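Given next are the chains, with one letter for each unit.
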Amino acid sequence: MKAAKVEDGVLTIRDHPMPTPGDGDALIRITSAGVCHSDLHLARGEWMNLPPLVNLGHEAIGIVEGLGPGAEKFAQVGDRVILGLGGSGGGYWCGACRYCLSGQPRHCAESKGIIGTFAEYFTVWARSLVKIPDSLGDNEAPLACGGLTAYGAVKKLLDHRVLPGRPVAIVGAAGGLGHYAVQLAKTFDYQVVGVDVGQERLDFVKSLGADLVLDATEPAAAVELVQREFGGVDASLIFSAKMAGFRLGFDLLGKHGLYVAVGIPAASEGNFEWNPFQLFMKDPTIIYSAVGTVQDMRELVDLAAAGRVTSHVSRVGPMSELGAIFDELAAGRYLGRAVLTDLSR
Ligand SMILES: [Zn+2]
Ligand SMILES: [Zn+2]
């Protein structure tokens, strides 16, 4: 079977042996796979201390074609499923430790990731699979990381009592995660302030339902407008891959606001610093939000099936175009996501 991997630092697409499902695993024939910014960072070794990964891809749709021992309780041959769970923690969790029982299986000492969906076939822990209705097409594969991560972040608004109707900034609103967050925040009735760069991207954010759009290339004007209009936003969700987006999201925040960091810029972007006096003045709640659980994935599939959230895919291609897609992604040339639609070539 064909698979894309990073071998000796080089992206290769070649034949590999078929995987066999182990205990509790399902064998999936991948029919589409989304290309996440994380795949690009991982392929190029752009995150601190992380060597380039061998396997790539962590959001996909496919068909169950085989089951390992015990997996039949959780999936059936022929099921059409979405898989990936954002890569981090979705490949296995014990279900019994304090992190699993408090809804944070990613921190479970036994957790395993899901990486390697840029392949014709992939084996995955069957409990992490979520069945999807035929009404959701293969272009919805990015729901498995981009959508799930955005949904996890928007749910944090409710956890921290940011009330529907209140203004919320989404920084990086036209990107692979942000475009879901705009739709989801509108679904939960927030006033959405969408932040991105350039007219084309801002027009796209507006078309997704944002109430106000701001150009991040003019941060002072953006902050002035939001502070005058709302006294600052109640929460900022930061999906940006640039540290300037982290700064702007903080400056847009009103007093006692909620700051939700989600994006992970390349290590070359440096650090984001606060002076403690700024914290004293603003008194923010600062949290991080990563991916989501299998239960979040089920809820998100239901929202997508109900038409409340849709993947915006502006580039599709066979796996052989992955190198070109990485270059285009690095250059910020997409609205929404790119999806590999043929994993056999
Ligand atoms: Zn991802
Ligand atoms: Zn656990």
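Predicted model, so just to flag it, every value in this text is computed and none were measured. (Residues numbered from 1 in each chain as written. Chains lettered and ligands numbered in written order. Predicted model: local features only at pLDDT ≥ 70, side-chain atom pairs only at ≥ 80, totals over all residues. Heavy atoms only, no water.)

Enquirer: Please explain the overall build of the chain as it appears in this structure.
Expert: The helix and strand inventory of the chain stands at ten helices and 15 strands. In summary, the chain has a C-alpha radius of gyration of 20 Å against a globular reference of 20 Å for 345 residues, a match within 12%. Overall, the chain is about 60 × 40 × 40 Å in size when its C-alpha atoms are taken along their principal axes. Scored against the burial criterion, the 345 residues of the chain give a buried share of 54%. When the accessible area of the chain is evaluated, it comes to approximately 14800 Å², of which 52% is carbon and sulfur surface. (Helix = DSSP H or I, 4+ residues; strand = E, 2+ residues; numbered from the N terminus. Rg over C-alpha atoms; globule rule 2.2 N^0.38 Å. Buried < 20%, exposed > 50% of the residue type's maximum accessible area, 1.4 Å probe, protein only. Areas by Shrake-Rupley, 256 points an atom, 1.4 Å probe, with all protein chains shown as cover.)

Enquirer: Teacher, can you tell me more about the coordination of the zinc ion (ligand 1) here?
Expert: In an ideal tetrahedron of four donors about a metal, each angle is 109.5 degrees. In an ideal octahedron of six donors, the angles are 90 or 180 degrees. Around the zinc ion (ligand 1), the protein contributes the donor atoms Cys-36 (SG), His-58 (NE2) and Cys-145 (SG), at 2.0 to 2.2 Å from the metal centre. The class of Cys-145 is buried, set by a relative accessible area of 5%. (Donors = N, O, S within 2.8 Å, 3.2 Å for Na, K, Ca; no water.)

Enquirer: Please explain unusual backbone geometry as it appears in this structure.
Expert: Both trends apply: most residues other than glycine have a negative phi, and most peptide bonds are in trans. Phi at Arg-161 is positive, roughly 60°, even though this residue is not glycine. Turning to its location among the elements, Arg-161 is positioned in the loop between α3 (146-159) and β8 (167-171). Although it is not a glycine, Val-291 sits at a positive phi angle of roughly 35°. Along the chain, the position of Val-291 falls in the loop between β13 (285-288) and α9 (294-305).

Enquirer: So what exactly am I meant to see when it comes to the coordination of the zinc ion (ligand 2) here?
Expert: Those donors, Cys-94 (SG), Cys-97 (SG), Cys-100 (SG) and Cys-108 (SG), are the protein atoms that reach the zinc ion (ligand 2), and they lie 2.3 to 2.4 Å from it. Spacing between the donor residues of the zinc ion (ligand 2) along their common chain follows C-x2-C-x2-C-x7-C. The buried category is assigned to Cys-100, whose relative accessible area is 13%.

Enquirer: Is there a simple way to explain the pattern of salt bridges in this structure?
Expert: For side chains bearing opposite charge, pairing can occur when the charged atoms are close. Per the stated rule, a full pass over the model turns up 18 salt bridges. Of the charged contacts in the structure, one is a salt bridge between Lys-131 and Asp-79, with a shortest N-O distance of 3.6 Å. Within this pair, whereas Lys-131 is found in strand β7 (residues 130-131), its partner Asp-79 is found in the loop between β4 (60-67) and β5 (80-83), the two being separated by 52 residues in sequence. Asp-79 sits in the buried class, given a relative accessible area of 11%. Glu-321 is paired through a salt bridge with Arg-315; the nearest N and O atoms lie 2.7 Å apart. Taking the relative accessible area as the measure of exposure, Arg-315 reaches 17% and is therefore buried. Shared partners join several salt bridges into a network, and the residues in it are Lys-155, Asp-296 and Glu-299. (Salt bridge = Lys/Arg side-chain N within 4 Å of Asp/Glu carboxyl O.)

Enquirer: Help me understand the sheet that holds β13 in this model?
Expert: The strands that make up a sheet pair up through hydrogen bonds in the backbone, lying either parallel or antiparallel. Taken together, the six strands give an open sheet; going across it, the order is β10-β9-β8-β11-β12-β13, and neighbouring strands pair in parallel fashion. Across the chains shown, the open sheet's two edge strands, defined by having one partner strand only, are β10 (212-215) and β13. On average, each strand axis in the sheet is inclined to that of its neighbour by 20°, with strand direction left out of account. (Pairing = 2+ DSSP bridges. Axes fitted to C-alpha atoms, helices over the stretch in contact; angles between N-to-C directions.)

Enquirer: How should the side chain of His-58 be read in this particular structure?
Expert: Its place among the elements puts His-58 in the loop between α1 (37-44) and β4. Of the polar contacts made by the side chain of His-58, one reaches the side chain of Asp-39; its length is 3.1 Å. Residues within four places of His-58 in sequence aside, it is in contact with Cys-36, Ser-38, Asp-39, Leu-83, Gly-84, Leu-85, Gly-86, Gly-87, Ile-114, Ile-115, Thr-117 and Cys-145. (Polar contact = N/O pair within 3.5 Å; in protein donor to acceptor, adjacent residues only side chain to side chain. Contact = heavy atoms within 4.5 Å.)

Enquirer: Help me out: how do you make sense of the side chain of Lys-5 in this one?
Expert: Turning to its location among the elements, Lys-5 is positioned in strand β1 (residues 2-7). At 2.7 Å, the side chain of Lys-5 forms a polar contact with the side chain of Asn-55. In this structure, Lys-5 is in contact with Val-10, Leu-11, Thr-12, His-16, Val-54 and Asn-55, ignoring residues within four places of it in sequence.

Enquirer: How do you make sense of the packing of helix α6 (residues 219-230) against helix α7 (residues 243-252) when you look at a structure like this?
Expert: Axes are the key here: two packed helices are described by the angle between their axes and the distance separating the axes. It is the contact of α6 with α7, at a shortest axis distance of 9 Å, that shows an interaxial angle of 25°. Here α7 runs roughly parallel to α6, going by the angle between their axes. The hand of the α6/α7 crossing is right-handed. Contact residues: α6 offers Pro-219, Ala-222, Val-223, Val-226 and Gln-227, while α7 offers Leu-248, Asp-251 and Leu-252. Considered class by class, the residues forming the contact of α6 with α7 number six nonpolar, one polar and one charged. (Parallel < 35°, antiparallel > 145°, perpendicular 65-115°, else oblique. Left-handed = near helix turned anticlockwise from the far one by under 90°. Nonpolar A, V, L, I, M, F, W, Y, C, P; charged D, E, K, R; others polar.)

Enquirer: Honestly, the environment of Arg-98 in this entry has me stumped. Any pointers?
Expert: Structurally, Arg-98 is set in helix α2 (residues 98-101). Residue classification places Arg-98 among the exposed residues on the basis of a relative accessible area of 63%. Considering only alpha carbons, one finds Arg-98 and Cys-108, ten residues apart in sequence, at a separation of 8.0 Å. A distance of 2.9 Å separates a polar atom in the side chain of Arg-98 from a polar atom in the side chain of Tyr-99.

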